[in-house]
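Listed below, chain by chain, are the residues.
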Amino acid sequence: DFNVEENGNSYSASLSEGGTGYMLNDGYMLTARHVVQLSPRGITNARPNARVAIATTEITAKKGGEEFNVEIEYISPDRDFAVLRAPASRAPGVYLTIGYSYEMEQGDFVYFFSGRNEPFIKKGSFENGVDDEIFQISADAEQGDSGSMVVAFRAGCPEMVGILIKGHAGHDAEILRIEQIIKEYEGIE
C-alpha cells in the first residue's frame with residue numbers, strides 16, 4: 001500500500017519491520033522515528049531527495065498478544081524519535097522517573113527491552129557521550145530493538161535516560177538522550 005516516488009518513477013515500499021516502544025501515561029507511546037517511517041525495499045541507491053507517498057497512516061502495535069492501532073502524534077524532523085497515540089486503556093500502570101543521562105559515567109550499567117521476537121531485557125554499559133544529543137552504550141542491540149527505552153539505576157531506582165536509535169551486533173549502540181526528546185517535544189506549539 002506504500003510507494004516511494006523518485007524522478008517520476010514509483011517503487012513499492014513498506015513500513016519498518018518493527019521496533020520497540022515505551023508506553024507513556026495517557027496512551028502516548030515513545031519510539032524511534034525510523035520505526036514508524038517508511039523504509040523503501042528494492043531500491044539499492046535511494047536518493048536523499050526521494051519523496052514518499054503514504055497511502056495510509058495505520059500503524060499496528062502489540063502489547064502482549066494483543067494488537068491495536070496507534071496514530072502518529074508527532075514525528076521529530078531533526079531527531080530520531082516519534083510520539084504515537086494509543087487508546088488510553090492500553091497504557092500500563094507503572095511509569096519510570098526521567099533520569100539525567102549527562103550524569104552517567106563510563107561503565108554504568110543500562111538496560112533496554114528487545115522487541116525482537118519475544119520481548120526480553122538486554123544489558124549494556126555506558127561508553128561515552130558522543131555529543132549533547134547522543135551517547136553510546138556497549139550492548140548487543142539488533143533490528144527490532146530500535147525505540148526501546150534505555151534505563152539506568154540511580155540509588156537503586158530505575159530511571160529512563162534515553163531511547164535506542166541505532167545498533168547492530170558487535171558494535172556500540174547509539175542512544176538519543178531523554179533530555180533532548182523532552183526539550184523538543186515540550187517546545188512544540
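Residues numbered from 1 in each chain as written. Predicted model: local features only at pLDDT ≥ 70, side-chain atom pairs only at ≥ 80, totals over all residues. Heavy atoms only, no water.

Participant: Would you take a moment to explain the pattern of salt bridges for this structure?
Facilitator: Note that side chains of opposite charge can pair when their charged atoms are close. Going through the model one piece at a time under the given rule, you end up with six salt bridges. A salt bridge links Lys 122 to Glu 142, with the shortest nitrogen-to-oxygen separation between them at 3.0 Å. Linking Lys 122 in strand β12 (residues 120-129) with Glu 142 in the loop between β13 (134-138) and β14 (149-154), this pair joins segments that are 20 residues apart in sequence. Residue class for Glu 142 comes out partly exposed when judged on its relative accessible area of 26%. With a closest N to O distance of 3.1 Å, Glu 159 and Arg 154 form a salt bridge. (Salt bridge = Lys/Arg side-chain N within 4 Å of Asp/Glu carboxyl O. Helix = DSSP H or I, 4+ residues; strand = E, 2+ residues; numbered from the N terminus. Buried < 20%, exposed > 50% of the residue type's maximum accessible area, 1.4 Å probe, protein only.)

Participant: Would you mind showing me how to read the environment of Val 150 here?
Facilitator: Considering the arrangement of structural elements, one finds Val 150 in strand β14. In this structure, the C-alpha to C-alpha distance between Val 150 and Leu 164, residues 14 residues apart in sequence, is 6.6 Å. In contact with Val 150, not counting residues within four places along its chain, are Val 110, Tyr 111, Phe 112, Glu 159, Met 160, Val 161, Gly 162, Ile 163, Leu 164 and Ile 175. (Contact = heavy atoms within 4.5 Å.)

Participant: Is there a simple way to think about the pairing of β12 in this case?
Facilitator: Summarising the sheet, strand β11 (residues 109-114) and β12 pair through six bridges and their orientation is antiparallel. Bridge pairing in β12 places Phe 109 opposite Ser 125. Connecting the antiparallel pair β12 and β13 is a turn made up of four residues. (Pairing = 2+ DSSP bridges.)

Participant: For this particular structure, what's the right way to read unusual backbone geometry?
Facilitator: With glycine set apart, most residues show a phi of negative sign, and most peptide bonds adopt trans. Phi at Ala 155 is positive, roughly 55°, even though this residue is not glycine. With respect to the secondary-structure elements, Ala 155 resides in the loop between β14 and β15 (157-166). Note on Ala 155: relative accessible area 79%, which makes it exposed.

Participant: Would you take a moment to explain the confidence of the model for the chain for this structure?
Facilitator: Reading predicted coordinates in detail is not appropriate for stretches of low pLDDT. Taken as a whole, the chain shows an average pLDDT of 75; of its residues, 67% reach a score of 70 or greater. Here strand β6 (residues 51-53) is the element of the chain with the lowest mean pLDDT, 36, and β13 is the one with the highest, 93. (pLDDT = per-residue confidence, 0-100.)

Participant: Sorry if this is basic, but what is going on with the environment of Tyr 74 here?
Facilitator: Topologically, Tyr 74 is positioned in strand β8 (residues 66-75). Residues Tyr 74 and Arg 85 lie 11 residues apart in sequence; the distance between their C-alpha atoms is 9.0 Å. What Tyr 74 contacts, discounting residues up to four positions off in sequence, is Phe 81, Ala 82, Val 83, Glu 184, Tyr 185 and Ile 188. Polar side-chain contacts of Tyr 74 include one of 2.4 Å to the side chain of Glu 184. (Polar contact = N/O pair within 3.5 Å; in protein donor to acceptor, adjacent residues only side chain to side chain.)

Participant: Even after reading the chapter, I still don't get the packing of aromatic side chains, so can you show me in this structure?
Facilitator: Geometrically, a pair of aromatic rings is defined through the distance of the ring centres and the angle of the planes. Across all of its chains, the model carries four aromatic pairs by this definition. Centre to centre, the rings of Phe 126 and Phe 135 are 5.3 Å apart; their planes meet at 40°, and the pair counts as tilted. Judged by its relative accessible area of 6%, Phe 126 is buried. Phe 135 gets classed as buried once you look at its relative accessible area, which sits at 0%. Among the aromatic residues, ring-to-ring pairing joins Tyr 74, Phe 81 and Tyr 185 into one connected group. Over the ring of Tyr 28 we find Arg 85, and its NZ or CZ is 4.4 Å from the ring centre. The side chain of Lys 123 reaches across the aromatic face of Phe 109, ending 4.0 Å from its centre. (Phe/Tyr/Trp six-rings, centres within 6.5 Å; stacked < 30°, edge-to-face > 60°. Lys NZ or Arg CZ within 6 Å of the ring centre and 35° of its normal.)

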